[in-house]
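A look at the structure
Next come the chains, spelled out residue by residue.
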Amino acid sequence: MIRRIPVCAAVLAVLILSSVQLRAQGIGSERALPNALPAGAEFSMSLRDLIERGAKIFSANWTIEDGQGRPLTKGTGAPISDPNAPLVFPRNMNRVSAMDSNSCAGCHNGPRPGGSGDFATNVVVLGQRFDFATFDGNDSLSMRGTMNEVGAPETLDTIGNSRQTVGMFGSGYVEMLARQITADLQTLRDGLAPGASVALVSKGISFGQLTRDAAGNWDVSLVEGLPAPSIASSGPTDPPNLIIRPFHQAGAVISLRQFTNNAMNHHHGIQTVERFGAGMDPDGDGVIDELGIADVTAVTAFQATLEVPGRVIPSNPSLRWAVAQGQNHFVSIGCSGCHVPSLPLDNQGWIYSEPNPYNPAGNLSVGDSYESTWGSLTINLNSNRLPQPRLEEKRGKVIVPVFSDFKLHDITSGPNDPNRESLDMHAPAGSTAFFAGNARFLSSRLWGVANQMPHFHHGKFSTLRQAIEAHAGEASGVMANWAALSTGQKNELIEFLKSLQILPEGTKELIVDEKGRRVRFWPDLPWTCGQPVPALP
């Protein structure tokens, strides 16, 4: 005989389970990332699974159960200025001082996760030093809602630097180029005796001249294209580090890992273990260990292995001819002087590794206890197991068509140029230099530029032509050459830039037509001035 349990008794049996037990079974949980990767797991799982894990983290819509939010800390990681007004609802999200996004892919999404974002996703860099931007003129507390470090009220235009969301495609190759250039510059520096000078040149790019006086002090006055943290020195025993910082439009971030650790706290209020410590709750939200080291490695690996941009060459003969002519104009008028079409990785520089040996404090580094225990992760960026298309090694080199020289340039016309930024992120916050603003920007990596809109560091230009014609300062000579082109030649150059695209997902070839078919016989990079127009396929 089957004994029947009354419905009310069955319900009661379920209800007596504690909420802790229920959560342990996942019942009622609203976490975006239910389980953390344990330490060392990144070395035991397949590369495919690791990248898939990273993609999941990149697109995760974080919730307060994950630790999303930072009630008592700013986006800088410092305590909020007014602990009596924590950043909880309705003060938990703010598009200016952040938090400003629920996921990485919420901003990096064009044409798919990992790409750039439109103007709606701009980040206000340095706005995160405020608790909660209100622009309330009656608020007199420094760094709470409107008053800056020196007691002056900020406006929407001055509280921070509005920046376009950058695309991450091909970024593993970008980081490896930066590492190799850094190593070259540091080797030149380390061989420099007191009283001597050396030309800082790597991969054909000049970074100026480094000098030491007779006492061994470092003179960086003739060094070109590097941000202040890369040329700082306090004396003979403290040489400038000369590190290339390829991420952020003003050259502020060394690695994808640093980029990730910064963004998780700034944009989402997710504190990573390697930045804030294990078992810690620095933001006072009741959640510890919000994102572990293995998971940071996973999302970093996802970004590093994103496919590289390529070329879309129109089938229409007239448009194809225009693209071919336009790429020659790009070189002949001098655009390629800063937007260097391609740079070589040698010495197996396509073998990406985590962590970056130049990572700053607060990020996993070579020799850390974690790295010493578990080792480093290596990925062959050329592997056909990774998302396509990839680059190829030929004669011991991989030619990366990045269209950048990795240098900072002043491309503005002076203090009143609206393309200048209000604040200098490389100067101490609140200093005179900080409020003097910034006019130096990394040469944009033009690969993929055609469908990584909008354009320029601030994302306020909707066309490539606007972005070109906004160049001034160091680009004045090139702009004079641009002005001398005929209307037809300018249009051809635009058509060339329109060919530089993030290709549709699954595309295996780097140079294709609109239907994804391989285009043969297109000239290899780099191009040189005076090169004949290629024969049309």
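Scope of this entry: the structure provided in the associated data block. Quick caveat, the model's predicted, so the values are computed rather than measured. (Residues numbered from 1 in each chain as written. Predicted model: local features only at pLDDT ≥ 70, side-chain atom pairs only at ≥ 80, totals over all residues. Heavy atoms only, no water.)

**A closer look at the overall build of the protein**
When helices and strands are tallied, the protein shows 14 helices and 15 strands. In terms of overall dimensions, the protein is globule-like: its C-alpha atoms have a radius of gyration of 25 Å, near the 24 Å expected for 537 residues. Principal axes of the C-alpha set define a box for the protein whose edges measure 95 × 60 × 45 Å. In the protein, buried positions account for 52% of the 537 residues. Contacts in the protein between residues far apart in sequence, at least 24 positions, make up 70% of those at least 6 positions apart. (Helix = DSSP H or I, 4+ residues; strand = E, 2+ residues; numbered from the N terminus. Rg over C-alpha atoms; globule rule 2.2 N^0.38 Å. Buried < 20%, exposed > 50% of the residue type's maximum accessible area, 1.4 Å probe, protein only. Contact = heavy atoms within 4.5 Å.)

**Some details on the nonpolar core**
In this structure, Y173, F330, V400, F406 and L497 are the most contacted members of the largest nonpolar core, which totals 92 residues. In terms of residue count, helix 8 (residues 293-304) provides more of this core than any other element does, eight residues in total. The contact partners of F330, leaving out residues within four places of it in the chain, are C335, S336, H339, F403, L446, L493, F496 and L497. (Core = buried A, V, L, I, M, F, W, Y, C linked by side-chain atoms within 4.5 Å.)

**A closer look at the pairing of strand 4 (residues 205-212)**
Of all eight residues in strand 4, six are buried, a share of seventy percent or more. With five bridges joining them, strand 3 (residues 197-202) and strand 4 adopt antiparallel strand pairing. Looking at the pairing, S202 lines up with I205 of strand 4. Hairpin connection between strand 3 and strand 4: a loop of two residues separates the two successive antiparallel strands, and K203 in this loop has a positive phi of roughly 55 degrees. Connecting strand 4 to the antiparallel partner strand 5 (residues 218-219) that follows it, the hairpin turn spans five residues, and G216 within it adopts a positive phi of roughly 95 degrees. (Pairing = 2+ DSSP bridges.)

**Some words on the packing of aromatic side chains**
For the coordinates displayed, the defined rule picks out eight aromatic pairs. Taking the centre distance of 6.5 Å and the plane angle of 45 degrees together, the rings of Y370 and W374 count as tilted. Of this pair, Y370 and W374 both sit in helix 10 (residues 369-374), four residues apart, roughly one helical turn. Assessed through its relative accessible area of 40%, W374 is described here as partly exposed. (Phe/Tyr/Trp six-rings, centres within 6.5 Å; stacked < 30°, edge-to-face > 60°.)

**Quick word on the sheet that holds strand 11 (residues 397-400)**
If you walk across this open sheet you meet the three strands as 7-11-10, and the pairing is antiparallel. On the outer flanks of this sheet lie strand 7 (343-345) and strand 10 (393-394), each paired with one strand and no other. Bridge analysis of strand 10 against strand 11 gives two bridges, and the strand direction is antiparallel. Counterpart to E393 in the pairing with strand 11 is V398. Across the face of the sheet, helix 4 (residues 171-190) comes into contact with strand 7 and strand 11 while running at roughly 85 degrees to strand 7. (Axes fitted to C-alpha atoms, helices over the stretch in contact; angles between N-to-C directions.)

**Remarks on unusual backbone geometry**
Note that the residue after A98, namely M99, is joined by a cis bond; omega there is 5 degrees. Inspection of the secondary structure assignment puts M99 in the loop between helix 3 (47-59) and strand 1 (123-125). Each neighbour pair has its own omega, and for E354 with P355 the value is 5 degrees, a cis peptide bond. Along the polypeptide, P355 turns up in the loop between strand 8 (351-354) and helix 10. The phi torsion at F521 lies on the positive side, around 70 degrees, for a residue other than glycine.

**Considering the packing of helix 3 against helix 8**
For the pair helix 3 and helix 8, the least separation of the axes is 7 Å and the interaxial angle reads 95 degrees. By the angle between their directions, the pair helix 3 and helix 8 is classed as roughly perpendicular. Facing helix 3, whose interface residues are L50, I51, R53, G54, A55, I57 and F58, helix 8 presents D295, A298, V299, A301, F302 and Q303. Residue composition of the contact of helix 3 with helix 8, by class: nine nonpolar, two polar and two charged. (Parallel < 35°, antiparallel > 145°, perpendicular 65-115°, else oblique. Nonpolar A, V, L, I, M, F, W, Y, C, P; charged D, E, K, R; others polar.)

**Describing the pattern of salt bridges**
All told, the structure shown has 20 salt bridges when counted by the stated rule. For the salt bridge of D66 with R31, the shortest nitrogen-to-oxygen distance reads 3.4 Å. Pair noted here: D66 is in the loop between helix 3 and strand 1 and R31 is in the loop between helix 2 (19-24) and helix 3, with a separation of 35 residues, a long-range link. When its relative accessible area of 1% is taken as the criterion, D66 is described as buried. On the accessibility criterion, R31 (35% relative accessible area) is partly exposed. In this structure, R163 and E421 form a salt bridge, with 2.5 Å as the shortest nitrogen-oxygen distance. Here the residue R163 occupies a position in strand 2 (residues 161-163), and E421 occupies one in the loop between strand 12 (408-410) and helix 11 (432-436), the gap between them amounting to 258 residues. As far as the burial class goes, R163 and E421 line up, both buried. Shared partners join several salt bridges into a network, and the residues in it are D82, D139 and R144. (Salt bridge = Lys/Arg side-chain N within 4 Å of Asp/Glu carboxyl O.)

**A word on the sheet that holds strand 3**
Taking strand neighbours across the sheet as the criterion, the three strands line up as 3-4-5 in an open arrangement whose pairing is antiparallel. Since the sheet does not close on itself, it has two edges, and those belong to strand 3 and strand 5, each with one partner. In this sheet, strand 5 lies alongside strand 4 in antiparallel orientation, the contact comprising two bridges. Within strand 5, the position partnered with T211 by the bridge is D219. Strands in contact with helix 4 are strand 3, strand 4 and strand 5; relative to strand 3, the strand with the most contacts, it is inclined by about 165 degrees.

**What to know about the environment of N359**
The topology assignment puts N359 in the loop between strand 8 and helix 10. We classify N359 as buried; its relative accessible area is 9%. For the pair N359 and R257, spaced 102 residues apart in sequence, the C-alpha to C-alpha distance is 8.2 Å. Reaching out from N359, the side chain makes a polar contact with the side chain of S255 at a distance of 2.6 Å. (Polar contact = N/O pair within 3.5 Å; in protein donor to acceptor, adjacent residues only side chain to side chain.)

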